[in-house]
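A structural walkthrough
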Amino acid sequence: MSKFVKCIAHIAKVAIRPFFPVKVYGERNIHNKKSLIVGNHLSGWDPIIFSMRTKHILSFVYKAEFCKVPFLRWVFDGLNCVPVKRGDADISATKAILKLLDTDNAVVLFPEGTRNPNVDCLQRFHAGAALFALKTHAPIRPFYIWDKTKALRKNYILIGEEFYLDQFYDKPVNHDTLAQATEIIKQKVDELRVKLNGYLLQKGVKRRKRTRKEMDKLHAYNSKQKSFTKQVAARHKDVNEKDTDAVNGREE
């Protein structure tokens, strides 16, 4: 990272805090070490408010369209951020992210790939985060942003615990493995969604009233997530039973 740009980023973090009040729950002291930091994507302000409330300057993955603005490109390059072309597989971006991880840097990315118009649900996660985690054995730290960022309106972020996808390390990195690993990453972020929403509800923090259509989508989404959780639990139970049978067989 450029020391000059990093210094500017620290100053900017302090300067804009009063205009974007954010309460962070969980670990704020996220070190710039080999790790993937993944979360939901609601607003173009997401990288800013996340960086603003964490202690270290981290590298983000951002859409390549911002490179057209010379000042933004200069800032992003100085912070080792990675531009990604949406739509097609971006080989250069993949190599850049893997290089950052291999040199013990943290990378923040939004697996949804684009801003989500529905703050109550997660969109489909792309497989990039799972691919990088399996290729480098990097730990993953999930986070969840509660609402779209608006100036002078309080927002909330919950940062979860690190986890590994080590159950896939001895498997080939193919379509099926990436799909399973991606669903686990999404589930970890979704668990933070449920936890933060429940906590804020207890504190009496409310969002705007949802439309009937939005509520129907939310109920359908929650049902799907519950079904996936049961499938994962059943899969783990089956694996554990097979391991137990194998041990008992060897003992006999």
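Residues numbered from 1 in each chain as written. Predicted model: local features only at pLDDT ≥ 70, side-chain atom pairs only at ≥ 80, totals over all residues. Heavy atoms only, no water.

**Some remarks on unusual backbone geometry**
Residue asparagine 80 is not a glycine yet carries a positive backbone phi of 60°. Checked against the element boundaries, asparagine 80 lands in the loop between helix 3 (70–78) and strand 4 (82–84). With phi around 60°, histidine 137 is a residue other than glycine that occupies positive phi space. Take histidine 137: it is sitting in the loop between helix 5 (128–136) and strand 6 (140–145). (Helix = DSSP H or I, 4+ residues; strand = E, 2+ residues; numbered from the N terminus.)

**Things to note about the sheet that holds strand 4**
With respect to topology, seven strands assemble into an open sheet ordered 1-7-6-2-5-3-4, the strand pairing being mixed. Looking at strand neighbours, the two that pair on one side only are strand 1 (22–26) and strand 4, the edges of this open sheet. Taken pair by pair, the neighbouring strands of this sheet meet at an average axis angle of 25°, ignoring direction. As paired strands, strand 6 and strand 7 (residues 155–159) are joined by three bridges and run antiparallel to one another. By the bridge assignment, phenylalanine 143 is partnered in strand 7 with isoleucine 159. (Pairing = 2+ DSSP bridges. Axes fitted to C-alpha atoms, helices over the stretch in contact; angles between N-to-C directions.)

**Points about helix 3**
If you check which residues of helix 3 are buried, you get Val75, Phe76 and Gly78. The buried residues of helix 3 all sit within an arc of 165° when viewed along its axis, so they share a single face. Against the buried residues of helix 3 lie helix 1 (3–16) and strand 3 (59–63). The first or second residue beyond helix 3 is asparagine 80, which carries a positive phi of 60°. (Buried < 20%, exposed > 50% of the residue type's maximum accessible area, 1.4 Å probe, protein only. Arc of directions from axis to C-beta. Contact = heavy atoms within 4.5 Å.)

**Looking at the pairing of strand 6**
A large share of strand 6 lies buried, amounting to six of its six residues. The side-chain alternation of strand 6 yields two buried faces, one formed by Ile140, Pro142 and Tyr144 and the other by Arg141, Phe143 and Ile145. Direction of pairing for strand 2 (residues 35–39) relative to strand 6: parallel, over a ladder of four bridges. Paired with isoleucine 37 across the bridge in strand 6 is arginine 141.

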